[in-house]
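In case you want the letters, here they are:
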Amino acid sequence: MNPSRQHPDVIVIGGGVIGSSIAYHLARQKVSVLLLEMGGLASGSSGACDGFVTLQSKKPGIHLELAFASLELYPALAAELPLDIEFEQNGCLVVIEGQRELEVMRDFARRRSRNGIEVRLLDGQQARELEPVLADDICGATFNEKEGQVNPIKLTLGLARGAEQLGACIKTGQEVVGLLGKSGKVLGVKTKTAEYRAAKVVNAGGVLAPSIGRMSWLELPIKPRRGQLLVTEAVEPQLTRALLSSRYIAAKFDPEIAAQSGGGCAIEQTASGNFLLGSTREFVGYDRGTSLQGLKTIADRTSQIIPRLKEFKVIRSFAGLRPYTPDGLPILGPVPGLEGLYISAGHEGDGIALAPITGRLMAQLITQSELDFPLDAFNIERFAAGDSGRES
Amino acid sequence: MGHEDPRRQVVIIGAGLAGLSAAQVLAGGGASVLLLDEGLRPGGQYLKRPSPPLGDNPSLPQEARRKKGLEIIKAVKSLGLECRPCTQVLGVEPDGRAGWMVWGETASGVLAAWRSDFIIIASGAREKFIPFKGWTLPGIISTGAVQLLLKGSGVVPAAEVVVAGSGPLPLAVAGELIKAGSRVPALLDYGSLAQKLAVVKLGSLAWGKIWEGIRHQARLMASGGKLRNRTAVLEGRGHGRLEEIVTVQLDRRGKPMSGSQSVLAADCLAIGHGFAPNIELAQQAGCELEHDPLKGGWVVRVDGDLQTSLPACYAAGEVSGIAGAEKSYIEGRMAGLLIACKLDLISGNRVDSEIADLVKRRNQQLQLGAFINRLCHPPAGLGDLIEDETIICRCEDVTAGEIRAQIGSGATRLTDIKLATRTGMGLCQGRTCGPMLEAIIQTWPDAAGPEPPPPLPARMPVKPFNLSALVEMDLEKESEYRG
Amino acid sequence: MSRGKRIKGIRRDSKVTIMVNGQPVQAYEGETLHAVLIILGIWALKASRINHDPRGVLCGMGVCHECLVTINGKSGQRSCMTLVEDGMEVRTYGS
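Parameters and conventions
- Residues numbered from 1 in each chain as written.
- Chains lettered and ligands numbered in written order.
- Predicted model: local features only at pLDDT ≥ 70, side-chain atom pairs only at ≥ 80, totals over all residues.
- Heavy atoms only, no water.
- Helix = DSSP H or I, 4+ residues; strand = E, 2+ residues; numbered from the N terminus.
- Rg over C-alpha atoms; globule rule 2.2 N^0.38 Å.
- Buried < 20%, exposed > 50% of the residue type's maximum accessible area, 1.4 Å probe, protein only.
- Contact = heavy atoms within 4.5 Å.
- Areas by Shrake-Rupley, 256 points an atom, 1.4 Å probe, with all protein chains shown as cover.
- Lys, Arg positive; Asp, Glu negative; His and termini not counted.
- Charge placed at Lys NZ, Arg CZ, Asp CG, Glu CD.
- Axes fitted to C-alpha atoms, helices over the stretch in contact; angles between N-to-C directions.
- Left-handed = near helix turned anticlockwise from the far one by under 90°.
- Nonpolar A, V, L, I, M, F, W, Y, C, P; charged D, E, K, R; others polar.
- Buried area = accessible area lost by both parts, 1.4 Å probe.
- Salt bridge = Lys/Arg side-chain N within 4 Å of Asp/Glu carboxyl O.
- Polar contact = N/O pair within 3.5 Å; in protein donor to acceptor, adjacent residues only side chain to side chain.
- Pairing = 2+ DSSP bridges.
- Expected span 1.5 Å × (residues − 1).
- Parallel < 35°, antiparallel > 145°, perpendicular 65-115°, else oblique.
- Bend = angle between axes of the 7 residues up to and from the residue.

Within chain A one finds 11 helices and 19 strands. A compact globule built from 392 residues would reach a C-alpha radius of gyration of about 21 Å, and chain A, at 21 Å, matches this within 12%. Expressed along its principal axes, the backbone C-alpha trace of chain A runs to roughly 65 × 45 × 40 Å. Within chain A, the proportion of its 392 residues that are buried is 64%. Relative to all contacts within chain A whose residues are 6 or more apart in sequence, the contacts with residues 24 or more apart total 74%. Taken as a whole, chain A presents about 14900 Å² of accessible surface, with 49% of it coming from carbon and sulfur. Charge separation in chain A, taken as the distance between the mean sites of 42 positive and 44 negative side-chain charges, equals 4 Å.

Rendered as structure tokens:
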């Protein structure tokens, strides 16, 4: 084995989209990386989610800026990676479900435009011209033509394989059970069967980041928020764009809206022709099962927006666990008190959209290069005693 | 669910021999029972019958077990048992703190849910295959499908059928085809004569099967058909449908011998390599599984009382181990009696001796099953029989080459292969490709170890169904999943 | 070309007429659609999803989903799980 692989510069814990992206971006900088994944690549949340790469679902401010920067990286990434990640940039429609929300969405479109995100407000007819499958009673939509969708599994595998081609070493079936450290410096990690040494370790464990955090007595405020998804049989292409409902966005950030009027939905037709319908937002611990009620809720909401979904067969369902943080922002940056330890987790439902920029920023941070963005807003220390982040 | 469905004491999923014999005991004992089945009529595969007004096929062998089974169907009918055919069970959830909710798509396409104290999962088995290049050509049909055509529609698939496979079913199908008027020019058995002759070690237990086998073989020989042992199918060729097959001899280690290929004209080929238990519903419910090659691979784990790892959830028949009709009948009866005791419908004392007898007979059948399942093990040379272009996932057109690339890159589990190649993401939900994937991984040159890879996860719906039915369903509570 | 055959000695009381790829075909009530198609020698029933290759009956028991045909305008119906009905319109691979 290549001696640099025995002692890589960086160990990345977690073979989901975030870990793979970090490994890729580090490898691109000629850093020697070892990626350790406890199961298989994309076997966690990254293999159980939809593929939306959107801006309209992000919070204005640093979150939205991050998403914008990430979206800009996608076309080049899609071209570079050794797999076809099925990235399409046909735009995203946020369907307005009721007249009551038309005003809210008009304001939303205006505010987004002020933030530099071009969002057009369409009436029902215009929306149906873009997507004929929309129900007749849809009264309007906001549309951003830059947004898109990707295949999250292929993205993760593509990033991982890309990293390997650039010299990274990936080991699956390797569960990290402890960190190695001395005198305030990280020395490496311990798995069930081996020890790996490196001066830098990144916790990209997603919903499992807290258990890795605890290996250094760090409590990470990340908890799993389950999203169920329904998959239909593959059918002829008939939905070009990613579709969200206005309530889906609202409910993400405001639990009161969620409680009052339901949680909205997300609809996409994948490159293989299946419709991917979502979703729920539930705090049920680490349970990745799906439920009849969850599936029914998704079916009800999505078929109101696209009635012809009722003609298709449901062929499977699955659930992914979104790594939820109290303020909706990921936790990116160094871990205080242990030199060489970094955290990059807590992306909630934005992992896919933010994977490119996260990988890039973390690689910049770790190699002490200039950062595209200041990472202060994402630092773990924002959750220090007395300030558990802004719950907005 | 527009109307209130009454809670029952037992819901049985699967009206094959196991489900029927459990239903007979329970309904006979006065329990409120609901029997659900996806087929057109109760009976499953073994007791498959034509739909009226089509008459029965007189050329079928008159097995005692089948006769007994058909009598059970009559008996449960006269008991007024509630039976719903054409009903696909899609999922099972616990119902509150005790009992179960089973939901499914009914004959009319509507979703319904049924609640009960106990469930018996008797979902049977499906056929396993050893694929080869070109095996997806129309004209290549399973041995099970041939039997079902004979039993269910009174039809032979062709005037001339070549039969290939492992285990006792291909020989039985060859015999039944000949009796029904078809020609079988060749029966290709992947196994060796020695392997089959070892059946005598089972003693009197196996006489019935041995006698059947001899009769079928005599029929085959009398008709001029050739039985070729240690022979596999390497390729199926044709333009849009099967026209000829390439066969190859296997050596004692089960590896194809170079230079032993030969071409056989065939436009209908029947193939079959044993059965895999339909564990998906039990898996979805959360039952623990165990892997036992002598029971057909991944099976639902049950204790001596046929209880799964979940409370009030029993499994009977092929789903807990492939061993044939007799075991299914025995286990259905056992489960029925044991649940009837739990429901205080009969006293334990009264059934103790019957249970003891059933347990003894069950163990015997498991021995017979073990022997048959061993015959159906994929040969060690499986890798050499499957060329890279061979389609493994028929639903998504994924080839062996693509799958091998993933294993070569470190994929050790079926889910890894599924995520990377889409194998198992189609309409059959991994039922056809799953066992083949497992065999490919296990016969890989430096296979990880003796531990078999876990099966593909099964979540609801365990069968495809129409989204409209979900929308039209009227669930009382809906609020938990808002946002 | 291989065609299936009806076994002699079975009671077949009730005739039905179905349309297969635009042609009227006589069958018997109680038969499953896949049996009738095999009798006609129509083995190519559906197109495989990616390569659009012809596929036909494999498992015969509703599991493999290879025997899918269009019945009365609805695609993706398992012919092995469907009984023939008078007036049924069936379309198979390439039709």
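This paragraph deals with the overall build of chain C. Along its length, chain C carries 1 helix and 8 strands. In chain C, the succession of helices and strands from N to C terminus is β-β-β-α-β-β-β-β-β. Relative to its length of 95 residues, chain C is compact, with a C-alpha radius of gyration of 13 Å against a globular reference of 12 Å. C-alpha extents for chain C along the principal axes are approximately 40 × 25 × 25 Å. Considering only residue pairs separated by 6 or more positions, chain C has 44% of its internal contacts joining residues 24 or more positions apart. Here chain C contributes 13 positive and 8 negative side-chain charges, whose respective centroids are spaced 6 Å apart.

What follows concerns the packing of helix α3 (residues 143-152) of chain B against helix α4 (residues 169-179) of chain B. Residue and element names in this part refer to chain B. Where α3 meets α4, the closest approach of the two axes is 10 Å, and the angle between their N-to-C directions is 35°. Helix-helix and strand crossings are classified by hand; for α3 and α4 the assignment is left-handed. Contacts between α3 and α4 involve Thr143, Gly144, Val146, Gln147 and Leu150 from the former and Leu169, Pro170, Val173, Glu176 and Leu177 from the latter. Each residue belonging to the contact of α3 with α4 can be placed in one class, and the counts come to 6 nonpolar, 3 polar and 1 charged.

Contacts between the two partners involve 53 residues from chain B and, on the opposite side, 48 residues from chain C. Here chain B packs against chain C, burying approximately 3900 Å² in sum over the two surfaces, 59% of which is carbon and sulfur. Our count for the chain B to chain C interface comes out at 3 salt bridges. The salt bridge involving C:Glu66 is made with B:Arg394; its shortest N-O contact spans 2.6 Å. At the boundary of chain B and chain C, one finds 18 residue pairs in polar contact (both at pLDDT 80 or more). Its residues placed into classes, the side of chain B that touches chain C shows 27 nonpolar, 16 polar and 10 charged.

A few words on the interface of chain B and chain A. In this complex, chain B contributes 33 residues to the contact, which on the side of chain A involves 49 residues. Buried surface at the junction of chain B and chain A, both sides included, amounts to about 3500 Å², of which 58% is carbon and sulfur. One can count 0 salt bridges joining chain B with chain A. Taken together, the connections running from chain B to chain A amount to 13 residue pairs in polar contact (both at pLDDT 80 or more). Secondary-structure elements contributing two or more residues to the side of chain B that touches chain A are β5 (100-105), α12 (414-421), β23 (465-466) and α14 (467-472) of chain B. The element that contributes the greatest number of residues to the side of chain B that touches chain A is α14(B), accounting for 4 residues. Split by residue class, the side of chain B that touches chain A holds 16 nonpolar, 7 polar and 10 charged. Both strand β17 (residues 313-324) of chain A and β23(B) contribute to a ladder of 2 bridges, which runs antiparallel. Residue A:Val314 lies in a different strand from β23(B), and its bridge partner there is B:Phe465.

Below, the discussion takes up the pairing of strand β6 (residues 68-71) of chain C. Each regular strand carries side chains that alternate between the two faces of the sheet. All names here are of chain C. As paired strands, β6 and strand β7 (residues 74-78) are joined by 3 bridges and run antiparallel to one another. From the neighbouring strand, Ile71 faces β7, where its bridge partner is Lys74. From the end of β6 to the start of β7, which pair antiparallel, there are 2 residues, and Asn72 there has a positive phi angle of about 50°. Relative to strand β8 (residues 89-91), β6 runs antiparallel, the two being bridged by 2 bridges.

Okay, helix α6 (residues 152-165) of chain A next. Taking 1.5 Å as the rise per residue, α6(A) with 14 residues should run 20 Å; its terminal C-alpha atoms sit 20 Å apart, in good agreement. Most of α6(A) sits out of view: 11 of its 14 residues are buried. Within α6(A), the full set of buried residues consists of A:Pro152, A:Ile153, A:Leu155, A:Thr156, A:Leu157, A:Gly158, A:Leu159, A:Ala160, A:Arg161, A:Gly162 and A:Ala163. As for α6(A), its buried residues are in contact with α2 (17-28), α3 (62-80), β8 (169-171) and α11 (351-366) of chain A together with α12 of chain B.

For the rest of this paragraph, the subject is the packing of helix α11 (residues 400-408) of chain B against α12(B). For any two helices packed against each other, the geometry is given by the interaxial angle and the distance between the axes. All names here are of chain B. At their nearest, the axes of α11 and α12 sit 10 Å apart, and the two run at 120° to each other. Comparing their axes, α12 and α11 come out oblique. Like other packed secondary-structure pairs, α11 and α12 cross with a definite hand, here right-handed. Seen from α11, the contacting residues are Glu402, Ile403, Gln406 and Ile407; seen from α12, they are Ile417, Ala420 and Thr421. Its residues assigned to classes, the contact of α11 with α12 shows 4 nonpolar, 2 polar and 1 charged.

On to helix α9 (residues 348-375) of chain B. With 28 residues, α9(B) should cover 40 Å at 1.5 Å per step; its first-to-last C-alpha distance of 39 Å lies within 8% of that length. Roughly 30° is the biggest bend found in α9(B), and it falls at B:Glu354.

Another point: the pattern of salt bridges. Residues and elements named next belong to chain B. Applying the stated criterion across every chain, the model contains 52 salt bridges over all chains. Residue Arg431 is joined to Glu280 by a salt bridge in which the shortest nitrogen-to-oxygen separation is 3.7 Å. Residue Arg431 is found in the loop between α12 and α13 (433-442), and its partner Glu280 is found in helix α7 (residues 280-285); the two are separated by 151 residues along the sequence. Of the two residues, Arg431 and Glu280, neither departs from the other in class, the shared state being buried. A salt bridge links Arg362 to Glu331, with the shortest nitrogen-to-oxygen separation between them at 2.6 Å. Note that Arg362 is positioned in helix α9 and Glu331 in helix α8 (residues 325-342), a separation of 31 residues in sequence. Glu331 shares its class with Arg362; the two are buried. Each of Glu63, Arg65, Lys68, Glu326, Asp357 and Arg361 takes part in a single network of salt bridges with overlapping partners.

With that out of the way, let us pick up the environment of B:Ala266. Residues and elements named next belong to chain B. Its place among the elements puts Ala266 in the loop between β15 (262-265) and β16 (269-273). Among the residues examined, Ala266 registers a relative accessible area of 7% and is labelled buried. Along the primary structure Ala266 and Gly254 are separated by 12 residues, whereas in three dimensions their C-alpha atoms are 24 Å apart. With sequence-adjacent residues up to four places away left out, Ala266 is seen in contact with Val162, Leu242, Glu243 and Glu244.

To continue, consider the sheet that holds β8(A). Residues and elements named next belong to chain A. On the basis of which strands lie adjacent, the open sheet formed by 6 strands has the order β8-β2-β1-β12-β19-β18 and mixed pairing. Only two strands of the sheet have a single partner each, and these edge strands are β8 and β18 (331-334). Sheet twist, expressed as the average angle between the axes of neighbouring strands with direction ignored, equals 15°. Pairing between strand β2 (residues 33-36) and β8: 3 bridges, direction parallel. Bridged to Leu36 within β8 is Lys171. Along the sheet, α2 contacts β1 (10-13), β2, β12 (200-203) and β19 (341-345); its crossing angle with β2, the most-contacted strand, is approximately 170°.

Keep in mind these values describe shape, not function.
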